[in-house]
Amino acid sequence: MRLLHTMLRVGDMERSVAFYTEVLGMTLLRRKDYPEGKFTLAFVGYGDEAHNSVIELTHNWGVESYELGTGYGHIALEVEDVYKACEDIRSRGGKITREPGPMMHGTSILAFVEDPDGYKIELLSPKRAD
């Protein structure tokens, strides 16, 4: 078994694809409209789906926003330098919601970014101790 993808419902597909590709540097792997079902799917990631886990963005036509609820936590991305990644993301218009630094009650360096729909994305250094 392997993890294929994580699906996020998005209110504006263009805005979300732009965030994940232009701000986080992912690649748009594929995209398809389903007119009879009135939805669009787009898959983004850092590598092909055959060898990497990716994110599936789902836009249900006519729905502009979703309640995130209390069950969702975050997606985590490993970055070489959390401080530099935050600078780069901020310069490309991304929203940093937790500035880079050591985790509370730990030593791993992390930060949090928020996508256009409010989903949290954790940035973690490869040198994690916690």
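What counts as what
Residues numbered from 1 in each chain as written. Predicted model: local features only at pLDDT ≥ 70, side-chain atom pairs only at ≥ 80, totals over all residues. Heavy atoms only, no water. Helix = DSSP H or I, 4+ residues; strand = E, 2+ residues; numbered from the N terminus. Rg over C-alpha atoms; globule rule 2.2 N^0.38 Å. Buried < 20%, exposed > 50% of the residue type's maximum accessible area, 1.4 Å probe, protein only. Contact = heavy atoms within 4.5 Å. Areas by Shrake-Rupley, 256 points an atom, 1.4 Å probe, with all protein chains shown as cover. Pairing = 2+ DSSP bridges. Axes fitted to C-alpha atoms, helices over the stretch in contact; angles between N-to-C directions. UniProt positions renumbered as here; feature names shortened; annotations may be inferred. Core = buried A, V, L, I, M, F, W, Y, C linked by side-chain atoms within 4.5 Å. Phe/Tyr/Trp six-rings, centres within 6.5 Å; stacked < 30°, edge-to-face > 60°.

**Some points on the overall build of the protein**
In step 1: On a plain count of helices and strands, the protein comes out with 2 helices and 8 strands.
In step 2: Mapped from its N terminus to its C terminus, the protein presents α and β elements in the order β-α-β-β-β-β-α-β-β-β.
In step 3: For the protein, the C-alpha radius of gyration of 15 Å lies close to 14 Å, the compact-globule estimate for 130 residues.
In step 4: A principal-axis box enclosing the C-alpha atoms of the protein has dimensions of 50 × 30 × 30 Å.
In step 5: The 130 residues of the protein split such that 38% are buried.
In step 6: Of all intrachain contacts in the protein linking residues separated by at least 6 positions in sequence, the fraction that spans at least 24 positions is 49%.
In step 7: Element-wise, carbon and sulfur atoms account for 53% of the exposed surface of the protein, whose accessible area totals about 7900 Å².

**Structural notes on the sheet that holds strand β8 (residues 120–124)**
In step 1: Spatially, β5-β8-β7-β6 is the arrangement adopted by the 4 strands of the open sheet, whose pairing is mixed. Each edge of the open sheet is held by one strand with a lone partner, namely β5 (75–78) and β6 (95–102). The mean inter-strand angle of the sheet, taken between neighbouring strand axes irrespective of direction, is 20°.
In step 2: With 5 bridges connecting them, β6 and strand β7 (residues 109–114) associate as antiparallel partners. Its bridge partner lying in β7, Pro-102 is registered against Ile-109.
In step 3: Running at roughly 165° to β6, helix α2 (residues 82–91) makes contact with β6, β7 and β8 of the sheet.

**Topic: the UniProt feature "domain: VOC" (unreviewed entry) in the protein**
In step 1: When the UniProt feature table is mapped to this numbering, "domain: VOC" (unreviewed entry) covers residues 2–126.
In step 2: As annotated, residues 2–126 has a helix share of 17% and a strand share of 40%, and its two end C-alpha atoms lie 21 Å apart.

**A word on the pairing of strand β4 (residues 54–60)**
In step 1: Counted residue by residue, β4 has 6 buried out of 7 residues, so it is predominantly covered.
In step 2: Pairing between strand β1 (residues 5–9) and β4: 5 bridges, direction parallel. Residue pairing in the sheet places Thr-6 in a bridge with Ile-55 of β4.
In step 3: Relative to β4, strand β3 (residues 39–45) runs antiparallel, the two sharing 6 bridges. Across the sheet, Val-44 pairs through a bridge with Ile-55, a residue of β4.

**So, the nonpolar core**
In step 1: The biggest cluster of nonpolar side chains holds 26 residues, and the ones touching the most others in it are Tyr-20, Leu-24, Ile-55, Leu-57, Ile-121 and Leu-123.
In step 2: Elements represented by at least two residues in this core include exactly α1 (13–23), β3, β4, β5, α2, β7 and β8.
In step 3: If you tally residues by element for this core, the top one is α1, at 5 residues.
In step 4: Those residues in contact with Leu-24 that lie beyond four places of it in its chain are Phe-19, Tyr-46, Leu-77, Ile-89 and Ile-121.

**A look at the packing of aromatic side chains**
In step 1: The tally for this structure, following the rule as stated, stands at 3 aromatic pairs.
In step 2: Between Phe-19 and Tyr-20, the ring centres sit 5.0 Å apart and the planes meet at 90°, which makes this aromatic pair edge-to-face. Here the two residues Phe-19 and Tyr-20 agree in accessibility, since each one is buried.

**Quick look at unusual backbone geometry**
Trans peptide bonds make up the majority, and among non-glycine residues the majority have a negative phi.
In step 1: In this structure, Lys-38 is a non-glycine residue whose phi angle is positive, near 60°.
In step 2: Within the secondary structure layout, Lys-38 lies in the loop between β2 (27–34) and β3.
In step 3: Its relative accessible area of 52% is what places Lys-38 among the exposed residues.

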